[in-house]
Amino acid sequence: MDITQDFGPRDPSVLYQQENHVSQNVVAGLTDTTLHVRRGGLSFAQLLQKTPRHPRVLQLLYEMGFYGVLRCGHIEIDNHLITALVERWRPETHTFHFPVGEATVTLQDIALLWGLPIAGHPIVGKDKKKSVEEWQDYCFRWLGYRPDTSSLRNSNLKMSSLIQRLLNHPVDDDSNILDVMQEARICALCLLSGVMCPDAQGSHVPLFYLRYMENICDTGSYSWGTAVLGYLYRELCVASQIGKINIGGAMHLLQIWAWSRITTLTPQKVDDKIGMGPIVVDEDSILPIPPYGARWTMQMSLKHTVKHSLRIFREMFDRMVPGEFIWQPYDMDSDEVRSLPDAVAPHLWTAKCPLIHHAIVEIHHAERVLRQFGMIQDIPPLPDESERKLHSINRRGRHDEDWAWYHREYVAQWANVHELVVRKPMIQPGGSSMVDDYMSWYYQITRIRVSKSLEPNTIGYHPTNLSDWQYVVDRLKQLVVSCDTVDNNDLQALNQLRVTCRGIATDLIDYSRARYPAAQMHDFIEDSSQGECYNTSKRKRLIDLNSSNHQDNNSMELGG
């Protein structure tokens, strides 16, 4: 028996890139690689802890749309958890495939957790090639200093150069408005390249972001939320391919998304909120409390869950049951939600729309995760394979490219995003959250399990019995799906169902042999003679029955 075939998908029409997906190697036992998460924002977070920014700078960051991200602070990223999530990410659908269904980070999540603006102009424009001297002059105009040549690499500036500037020239009560604006731009660049959109290296800041900050009054009119989410999708899609070892993007956001929704991961909060209240700028201006994501910046305890164990995270996801995933974790009447600006645009959260980040375009598939919005999940359409080409488009080597023109089709779609909003019936109290045949369809098109649980480890945690039973349950679910498609008057279909039953029985026997080596089975027989007589004779009868059925399969006539 080829055990890898039992992991799915049985119907490849949705997960058509399975052969190149990292889960293919995990199941085959060819990799236990933990992704290296790039975190360029650590030095900036340490700076903020030592020397918090002046309220006047925070006021401008609020107007620019980045205040919520700054107030959410820093958390320790678990590379093993991120890796296990990536193994569940599917680039065909931009969703995580869990045993309970598809789920993803949505526009709602990025708005509520970080308070980023969703409504507004897309982050897209023309790459402009400049000399080192021209970039130095550009930085001097908008950042207030001229970085040395060693800090510049093409159109990218070292993050350490920006941190040093903040250390040496902090804003105080006597600073003029020009200095305040320059520091606000530097902080925004650090947040973008260190927290929201760190690349695979995590050490440099793309200076093209500055063009959206030249006029600070206009910065908040851009859709930073869609840009950050599109960048996250791209990093997940790339990292989910075989052979990848690094990942960038908003891993902070992804981890608190997982903590908020997957109950087996949720850490226990030890301390009450400290420093999470509003901030007084002056007697006429008070900044609001931070968004939902700040709930995870306090001291946490993981004594009731696990950390830094890829194998256990895989098992937890493989064994996930419906009660372990919270489809709607947010209290929409909370102070955090009520204090969000209008630009978070709740009316756009369910749009099936492009997420544009300069050269990057990814699609927000709200129609695949309707339960996250309180709507009844139906069977979504097949993925559009034309979207696959988008994954190969990036800025490398494409100087002077006008990305607004290159992606004009998607820019036009975003301009009419109100027409792309998905509206479905809402889940009623006590009613079903999905159509009747959704899970039957889902079990056919998904990869049921990822962890390689067929070869028990000699040390460490291993939920042997539960994994065995889960395998049996998975096979029986496949039998139920087969029964759902059978017409009682169709003799050929009934015969096929009989063959399926026989195949499942044979698979379970083979599974037991693969799961427990001969020596272990021999010890079991020696230690339990009464049980052995029953189990062995029962299995022999089953094998004999299978053999007999195979011999007369062509001569038997159903119904006779």
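Small disclaimer: the values here were computed from a predicted structure and weren't measured.

Draft legend 1. Structural context of the overall build of the chain. Secondary structure assignment for the chain yields 21 helices and 14 strands. Here the analysis covers contacts within the chain between residues at least 6 apart in sequence; of these, 81% occur between residues at least 24 apart. For the chain, the exposed area adds up to about 26000 Å²; of that, 51% sits on carbon and sulfur atoms.

Draft legend 2. Representation of helix H3 (residues 55-64) in the model. Among the residues making up H3, those that are buried are Val57, Leu58, Gln59, Leu60, Leu61 and Met64. Buried residues in H3 make contact with helix H4 (67-71), helix H9 (177-196), helix H10 (216-219), helix H11 (224-239), strand E10 (279-282) and strand E11 (285-287). Of the residues trailing H3, Gly65 is marked for its positive phi of about 105°.

Draft legend 3. Focus on the packing of helix H5 (residues 79-86) against helix H12 (residues 251-261). Where H5 meets H12, the axes come as close as 11 Å, and the angle between the chain directions of the two elements is 80°. Between H5 and H12, the crossing angle belongs to the class labelled roughly perpendicular. Across the interface between the two elements, Leu81, Ile82 and Leu85 of H5 pack against Met251, Leu254, Gln255, Ala258 and Trp259 of H12. The residue inventory of the contact of H5 with H12, partitioned by class, reads seven nonpolar, one polar and no charged.

Draft legend 4. Structural view of the pairing of strand E13 (residues 353-357). With five of its five residues buried, E13 lies for the most part within the structure. Sheet analysis places E13 next to strand E14 (residues 360-364), joined by five bridges and oriented antiparallel. When the bridges of E14 are listed, Leu355 appears paired with Glu362. The antiparallel pairing of E13 with E14 creates a hairpin that spans two residues between the two strands, and His358 there sits at a positive phi of about 60°.

Draft legend 5. Quick look at helix H2 (residues 42-50). Within H2, the full set of buried residues consists of Phe44, Ala45, Leu47 and Leu48. Taken around the axis of H2, the buried residues stretch over an arc of 160°, which confines them to a single face. Summarising the geometry of H2, the exposed residues directed more than 90 degrees from the buried face are Gln49 and Lys50. Elements that come into contact with the buried residues of H2 comprise H4, helix H8 (159-168) and H9.

Draft legend 6. Representation of the pairing of strand E3 (residues 95-98) within the structure. The alternating pattern of E3 places Thr95 and His97 and Phe96 and Phe98 on opposite faces, both of which are buried. Direction of pairing for strand E2 (residues 89-90) relative to E3: antiparallel, over a ladder of two bridges. Bridge assignment links Arg90 to a residue of E3, and that residue is Thr95. In sequence, E2 turns back onto E3 through a hairpin of four residues, with His94 there showing a positive phi of about 60°. As paired elements, E3 and strand E4 (residues 101-103) share three bridges and run antiparallel to each other. Looking across to E4, one finds that Phe96 is bridged to Ala103. Counting the residues that bridge the hairpin from E3 to E4 gives two residues.

Draft legend 7. Geometry of the sheet that holds strand E5 (residues 152-153). With respect to topology, three strands assemble into an open sheet ordered E5-E6-E7, the strand pairing being antiparallel. In the strand order of this sheet, the two ends are held by E5 and strand E7 (204-206), each with one partner. Summarising the sheet, E5 and strand E6 (residues 156-158) pair through two bridges and their orientation is antiparallel. Bridge pairing links Arg153 to Asn156 in E6.

Draft legend 8. Examining the packing of aromatic side chains more closely. Tallied over the full model, the rule gives 23 aromatic pairs. When the ring of Trp135 is compared with that of Tyr138, the centres are 5.7 Å apart and the planes differ by 80°; the resulting orientation is edge-to-face. Note that Trp135 and Tyr138 are positioned in helix H7 (residues 132-143) at a spacing of three residues, about one turn of the helix. Like Trp135, the residue Tyr138 is buried in the burial classification.

Draft legend 9. Quick peek at the nonpolar core. Formed by 135 residues in total, the largest nonpolar core has its most connected members in Phe44, Phe66, Phe98, Trp114, Met196 and Trp257. Take this core: its biggest share by element is 11 residues, from H9. Residues in contact with Phe66, not counting those within four places in the same chain, are Leu61, Leu116, Ala188, Leu191, Leu192, Met196, Met213, Thr219 and Trp224. Residues Val14, Met439, Trp441 and Tyr443 belong to the second largest nonpolar core, which totals eight residues.

Draft legend 10. Region of interest: the side chain of His391. Locating His391 in the fold gives a position in the loop between E14 and helix H15 (403-406). Among the polar contacts listed, one links the side chain of His391 to the side chain of Glu362, at a separation of 3.2 Å. Here His391 is in contact with Pro91, His94, Arg234, Cys237 and Glu362, once residues within four sequence places are set aside.

Draft legend 11. Molecular detail of a negative patch on the surface. Where like charges cluster on the molecular surface, the negative patch consists of Asp172, Asp173, Asp174 and Asp179. Mapped onto the fold, Asp173 is located in the loop between H8 and H9.

Draft legend 12. View of the environment of Leu113. For Leu113, the location among the structural elements is in helix H6 (residues 107-114). Once the C-alpha coordinates of Leu113 and Ile256 are considered, the two residues, 143 residues apart in sequence, prove to be 8.3 Å apart. Ignoring anything within four residues of it in the chain, the contact list for Leu113 reads Cys72, Leu253, Ile256, Trp257, Ser260, Pro291, Tyr292, Gly293 and Tyr330.

Calculation notes
Residues numbered from 1 in each chain as written. Predicted model: local features only at pLDDT ≥ 70, side-chain atom pairs only at ≥ 80, totals over all residues. Heavy atoms only, no water. Helix = DSSP H or I, 4+ residues; strand = E, 2+ residues; numbered from the N terminus. Contact = heavy atoms within 4.5 Å. Areas by Shrake-Rupley, 256 points an atom, 1.4 Å probe, with all protein chains shown as cover. Buried < 20%, exposed > 50% of the residue type's maximum accessible area, 1.4 Å probe, protein only. Axes fitted to C-alpha atoms, helices over the stretch in contact; angles between N-to-C directions. Parallel < 35°, antiparallel > 145°, perpendicular 65-115°, else oblique. Nonpolar A, V, L, I, M, F, W, Y, C, P; charged D, E, K, R; others polar. Pairing = 2+ DSSP bridges. Arc of directions from axis to C-beta. Phe/Tyr/Trp six-rings, centres within 6.5 Å; stacked < 30°, edge-to-face > 60°. Core = buried A, V, L, I, M, F, W, Y, C linked by side-chain atoms within 4.5 Å. Polar contact = N/O pair within 3.5 Å; in protein donor to acceptor, adjacent residues only side chain to side chain. Patch = residues over 30% accessible without salt bridge, like charges linked within 9 Å, V, L, I, M, F, W, Y side chains within 5 Å. Salt bridge = Lys/Arg side-chain N within 4 Å of Asp/Glu carboxyl O. Lys, Arg positive; Asp, Glu negative; His and termini not counted. Charge placed at Lys NZ, Arg CZ, Asp CG, Glu CD.

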